[in-house]
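Examining the three-dimensional arrangement
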Amino acid sequence: MTNHSFRDSTEVMFQSTVDKLELDPGLAEKIRIANSTYTVRFGVKLRGQIHTFTGYRSVHSEHREPVKGGIRYALSVNQDEVEALATLMTFKCALTDVPFGGAKGGLCIDPTQWTEEELERITRRFAYELIKRDLIHPSQNVPAPDMGTGEREMAWIADQYARMHTTDINAAACVTGKPVGQHGIKGRTEATGRGVQYALREFFRHGEDVAGAGLSGSLEGKTVIVQGLGNVGYHAAKFLTEEDGAKVIAVIERDGTVVDRSGINIEALHKHIAETGGVANFPNSIVLSAKAPARFLEEECDILIPAAVEGVLNEGNAEKIKAKVIIEAANGPTTAAADRILRKRGVTIIPDLYANAGGVIVSYFEWVKNLSHMRFGRMQRRLEETQNAMLLDEIDRVLSSNGLNGISEGFRDQYAKGACELDLVRSGLDDTMREAYQGMRAFLRSDDRFPDLRSAGYALSIQKIAAAYAAKGL
Ligand code: GLU
């Protein structure tokens, strides 16, 4: 059994694409390697003693700058993982035409073991170490949330940067995923989950792709299993059930699996976890113990959404997976070996570099907003409203002069509205997700060396990165 680490898996997927693309080996090597990885060990005096923490910031590719990628807080963080995640960021940004290179950061810490005040001191100290080396910088290196971090940590980082760069007018653009009231953007928190929803909607627009996965129709009534109800899994599951009529029949969490074949109320489950700290005793459903959590990955369903950590789909279970479509909301949930097995078995995989790009796409919008110092829609919203109202009034006038009923109030209310920031963020995210899917689809159809979405996605990204290097004379 080839037990690929996350990093090995990323490399295997990269290498097989490069081999088929017949890329110049020197250039391929340049694209493969992580440019730099900075390791820092710093001490913070907490609870009367000095605690030493280890953190990383890895830059995979600077073919575009700034480089972009989240900062993860977890005990499992290590250099290999951070580098593999940085690599994925490079391909994710290239595939979706987000003009950034790839980076990632991590801190070896169990955030649940520290109070908010302690976490703030640790985060500010980590940020200080990165900022003084320009590893956090609006034009060079822009972090964002990842597992174990959120807008609270991003606000601390932004403030730390502003304190150390008091005259930088673009200081707010040094990090994304900030709270909306502190230079963040509406729709960023849910962006990755929203992106998963938009990716699935786009997939279901292509009848042939749907049939190829052994499915038919739309998302309505499709059975879904979600692994991990963190920020990404929660939002994806919430939107798919509340807005698309999909049915989440199982949620696999750290401490157990919730099963309800008539469909789980995601909002209620999320609230239950927040209030009680786990899935135990969630009313009106079967809750299986944590001892067999992975078993439900193998359960019959239309769509499986791994939204937690890497490597959960591996050689140990790939033969047993019964889902028709796997959409990788997490980074690297499928090992290279499992990917091969699943493809052979005809399972459609919507790959991570595309499926979970929603976060960085909306980060890009936030960064642009920070640099422009103005909220999206501020200049045109009321103008649009006035113009729409004029059009509706004129239609009403013509209708009534012909003795016909006027426009309904419901339609008028909906149509007359000018686009606000959230509308524009959603529209930009939807457009980007659709375009990227169509790009991968057109590529795999035009070149039979790349018969699946992942290899087409990698190939497209690598071609774009190669072109960027060529333009630089490399
Ligand atoms: N951590 C997220 C990811 O893995 C978001 C990165 C970003 O917004 O820069 O894609």
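In case you missed it, the structure is sitting above this.
Residues numbered from 1 in each chain as written. Predicted model: local features only at pLDDT ≥ 70, side-chain atom pairs only at ≥ 80, totals over all residues. Heavy atoms only, no water.

Helix and strand counts for the chain stand at 16 helices and 13 strands. In terms of overall dimensions, the chain is globule-like: its C-alpha atoms have a radius of gyration of 23 Å, near the 23 Å expected for 474 residues. Considering only C-alpha atoms, the chain reaches an extent of 80 × 60 × 55 Å along its principal axes. Looking at the chain residue by residue over its 474 residues, the buried ones come to 55%. Look at the contacts in the chain between residues 6 or more apart in sequence, and 69% of them connect residues 24 or more apart. (Helix = DSSP H or I, 4+ residues; strand = E, 2+ residues; numbered from the N terminus. Rg over C-alpha atoms; globule rule 2.2 N^0.38 Å. Buried < 20%, exposed > 50% of the residue type's maximum accessible area, 1.4 Å probe, protein only. Contact = heavy atoms within 4.5 Å.)

Right, let's talk about the site of the ligand for a bit. Neighbouring the ligand are 14 residues, the closest being Lys68, Lys92, Pro145, Asp146 and Ser363. Interatomic distance of 2.9 Å between a backbone N/O atom of Pro145 and a nitrogen atom of the ligand. Contact with the protein chains hides 96% of the accessible area of the ligand, taken as 300 Å² for the molecule alone. Contributions of two or more residues to the shell around the ligand are made by helix H3 (79-95) and helix H12 (358-372). Along the lines of polarity and charge, the residues of the shell around the ligand split into 4 nonpolar, 5 polar and 5 charged. (Near = heavy atom within 4 Å. Polar contact = N/O pair within 3.5 Å; in protein donor to acceptor, adjacent residues only side chain to side chain. Areas by Shrake-Rupley, 256 points an atom, 1.4 Å probe, with all protein chains shown as cover. Nonpolar A, V, L, I, M, F, W, Y, C, P; charged D, E, K, R; others polar.)

Turning our eyes to something else, we now look at the packing of H3 against helix H16 (residues 453-471). Their axes nearest at 8 Å, the elements H3 and H16 cross at an angle of 85°. In this view, H3 runs roughly perpendicular relative to H16, as classed from their interaxial angle. Contacts from Leu88, Thr90, Phe91, Ala94 and Leu95 of H3 reach H16 at Gly457, Tyr458, Leu460, Ser461, Ile462, Lys464 and Ile465. Looking at the contact of H3 with H16, its residues break down into 8 nonpolar, 3 polar and 1 charged. (Axes fitted to C-alpha atoms, helices over the stretch in contact; angles between N-to-C directions. Parallel < 35°, antiparallel > 145°, perpendicular 65-115°, else oblique.)

Here we come to H12. For H12, spanning 15 residues, the distance from its first C-alpha to its last is 21 Å, which sits close to the expected 21 Å at 1.5 Å a residue. Buried residues dominate H12, accounting for 11 of its 15 residues. Taken residue by residue, H12 has Gly358, Gly359, Val360, Ile361, Val362, Ser363, Phe365, Glu366, Trp367, Lys369 and Asn370 as its buried positions. Looking at the buried residues of H12, the elements they touch are strand E3 (67-68), H3, strand E6 (141-142), helix H6 (191-204) and helix H15 (421-446). (Expected span 1.5 Å × (residues − 1).)

Glancing now at the environment of Lys464. With respect to the helices, strands and loops of the structure, Lys464 is situated in helix H16. Exposure remark for Lys464: the relative accessible area of 28% places this residue in the partly exposed category. Taking the C-alpha atoms as reference points, Lys464 and Asp97, separated by 367 residues in sequence, lie 9.0 Å from one another. Excluding anything up to four places from it in sequence, Lys464 contacts Ala94, Leu95 and Asp97. In this structure the side chain of Lys464 is engaged in a polar contact, spanning 3.1 Å, whose partner is the backbone oxygen of Ala94. A distance of 2.9 Å separates a polar atom in the side chain of Lys464 from a polar atom in the side chain of Asp97.

Once that is clear, we can look at the side chain of Arg454. In this structure, Arg454 sits in helix H16. Contact partners of Arg454, with chain neighbours within four places excluded, come to Met13, Glu328, Thr334, Asp339, Ile349, Pro351, Asp352 and Leu353.

Before going further, it helps to spend a moment on a nonpolar patch on the surface. A cluster of nonpolar side chains, namely Leu391, Ile395, Phe411 and Tyr415, defines an oily patch on the protein surface of about 350 Å² accessible area. Contributions of two or more residues to the nonpolar patch are made by helix H13 (381-401) and helix H14 (409-416). Residue position: Leu391 is located in helix H13. (Patch = residues over 30% accessible without salt bridge, like charges linked within 9 Å, V, L, I, M, F, W, Y side chains within 5 Å. Salt bridge = Lys/Arg side-chain N within 4 Å of Asp/Glu carboxyl O.)

Note that strand E1 (residues 36-46) and strand E2 (residues 49-61) share 11 bridges and pair antiparallel. When the sheet's bridge partners are listed, Thr39 is paired in E2 with Tyr56. Joining the antiparallel neighbours E1 and E2 is a turn of 2 residues, in which Arg47 adopts a positive phi near 50°. (Pairing = 2+ DSSP bridges.)

The strand order E10-E9-E8-E7-E11-E12-E13 describes an open sheet built from 7 strands, whose pairing is mixed. Looking at the sheet topology across the chains shown, the edges are occupied by strand E10 (286-289) and strand E13 (348-350). Strand after strand, the sheet turns through a mean of 15° between neighbouring axes, direction not considered. In this sheet, strand E8 (residues 247-253) lies alongside strand E7 (residues 223-227) in parallel orientation, the contact comprising 5 bridges. For Thr223, the partnering residue across the bridge sits in E8 and is Lys247.

This paragraph deals with the packing of aromatic side chains. Scanning the model with the defined rule gives 12 aromatic pairs in all. When the ring of Phe14 is compared with that of Phe91, the centres are 5.8 Å apart and the planes differ by 20°; the resulting orientation is stacked. Taken as a pair, Phe14 in helix H1 (residues 6-21) and Phe91 in helix H3 lie far apart in primary sequence, 77 residues in all. Residue Phe91 is classed as buried on the basis of its relative accessible area, which comes to 0%. Taken together through their ring pairs, the aromatic side chains of Phe42, Phe53, Trp114 and Phe126 make up a single cluster. (Phe/Tyr/Trp six-rings, centres within 6.5 Å; stacked < 30°, edge-to-face > 60°.)

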